[in-house]
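# A structural walkthrough
Each chain, letter by letter, is given below.
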Amino acid sequence: EYYKKVAPRRREALEKFRKHAQYKQLVHNGTTWKYYAAGTGDKILFLIPGGLRNAESIFSELLRFQEHFRVISPNVPLLQDADSILDGLHAILDEEKVRTATLSGRSFGGSLVQGFAVKYPEKVAKLILCSTVYNDASYLQKTEQALKSFQSMSPGFMRLLIRWALLNIIKTDTGQEGKRYWKA
């Protein structure tokens, strides 16, 4: 029902991914982390998704990259502070016995990998950023102020606002067909 307006090729690709996806779980500091792990080789690519916080949201990249790399991509849980997220990402790499990895993040994920590179530089072989911002002190202060205003909103209204904003960005980037897919 969700996917009835989605182009068949996109729907079929996602169904195929879901059927064959290899997910693992790790509990770190009381939080369950689910992450995608596939591919082989010595080169590790740690792909952090954007604001949707779900590895499945970048499934087409996961499928392409796993042909050449060992790919790990987490679902990023909702946690109260960045350090908890960064520590969870580190725990995944430890669980997978990864000494160093190429980290790639887009949008929100780009902010996370920047923080990870500062906190755990020994784990980073390379850093790839896409459609993200540089997190200097003034940016972080502005973000904190914006978050305080969002905290006064009801969770339902916040979800509605975020969904509206994301769908408009997606439509601009991918057209109406892409919007139907991501909306589903």
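Below is a summary of the structure that appears in this document. Computed from a predicted model, the values in this text were never measured in an experiment.

A word on the overall build of the chain. The number of helices and strands found in the chain is six helices and six strands. Helices and strands in the chain line up, N terminus first, as α-β-β-β-α-β-α-β-α-β-α-α. A buried classification covers 34% of the 184 residues belonging to the chain. Partitioning the contacts of the chain with sequence separation of at least 6, the portion at a separation of at least 24 is 64%. Accessible area of the chain: about 11,700 Å², with a carbon and sulfur share of 54%.

Below, the discussion takes up a nonpolar patch on the surface. Among the surface-exposed residues, F157, L160, L161 and W164 lie close enough to one another that they form a single nonpolar patch of about 450 Å² accessible area. Here W164 is to be found in helix α6 (residues 155-183).

What follows deals with the nonpolar core. By size, the foremost hydrophobic cluster in this structure holds 22 residues, and its most contacted members are F46, I48, I72, L89, I92 and F116. Listing elements by their share of this core, those giving two or more residues are β2 (31-38), β3 (44-48), α3 (82-95), β5 (101-106) and α4 (108-119). Looking at this core element by element, the count peaks at six residues for α3. The contact partners of I92, leaving out residues within four places of it in the chain, are L26, W33, Y35, F46, I72 and P74.

Take α3 next. Given a rise of 1.5 Å per residue, 14 residues ought to cover 20 Å, and the 20 Å separating the end C-alpha atoms of α3 matches this to within 8%. The complete set of buried residues in α3 reads I85, L86, G88, L89, H90, A91, I92 and L93. Each element contacted by the buried residues of α3 is listed here: β1 (23-28), β2, β3, β4 (70-74) and α4. Directly after α3, the chain includes K97, whose backbone phi takes a positive value near 55 degrees.

What follows deals with the environment of V124. Tracing the backbone shows V124 in strand β6 (residues 124-130). As for V124 and T100, which are separated by 24 residues in sequence, their C-alpha atoms are 5.3 Å apart. Once residues lying within four places of it in the same chain are set aside, the contact partners of V124 are A101, L103, F116 and A117.

Here the structure, examined in full by the defined rule, presents five aromatic pairs. On the numbers, 6.3 Å between centres and 70 degrees between planes, the contact of F65 with F69 is edge-to-face. Its relative accessible area of 33% is what places F65 among the partly exposed residues. With a centroid separation of 5.1 Å and 45 degrees between ring planes, the pair formed by F116 and Y120 is classed as tilted. One exposure class covers both F116 and Y120, and it is buried. Members of the aromatic cluster, joined through ring pairs, are F17, Y23, Y36 and F59. The ring centre of Y23 lies 4.5 Å from the NZ or CZ of K34, which sits over that ring.

This part takes up the sheet that holds β6. Strands sit in the order β1-β2-β4-β3-β5-β6 across an open sheet of six strands; the sheet is mixed. Single-partner strands in this sheet number two, and they are β1 and β6. For this sheet the average axis-to-axis angle between neighbouring strands, irrespective of direction, equals 25 degrees. Pairing between β2 and β4: four bridges, direction antiparallel.

The rules behind the values
Residues numbered from 1 in each chain as written. Predicted model: local features only at pLDDT ≥ 70, side-chain atom pairs only at ≥ 80, totals over all residues. Heavy atoms only, no water. Helix = DSSP H or I, 4+ residues; strand = E, 2+ residues; numbered from the N terminus. Buried < 20%, exposed > 50% of the residue type's maximum accessible area, 1.4 Å probe, protein only. Contact = heavy atoms within 4.5 Å. Areas by Shrake-Rupley, 256 points an atom, 1.4 Å probe, with all protein chains shown as cover. Patch = residues over 30% accessible without salt bridge, like charges linked within 9 Å, V, L, I, M, F, W, Y side chains within 5 Å. Salt bridge = Lys/Arg side-chain N within 4 Å of Asp/Glu carboxyl O. Core = buried A, V, L, I, M, F, W, Y, C linked by side-chain atoms within 4.5 Å. Expected span 1.5 Å × (residues − 1). Phe/Tyr/Trp six-rings, centres within 6.5 Å; stacked < 30°, edge-to-face > 60°. Lys NZ or Arg CZ within 6 Å of the ring centre and 35° of its normal. Pairing = 2+ DSSP bridges. Axes fitted to C-alpha atoms, helices over the stretch in contact; angles between N-to-C directions.

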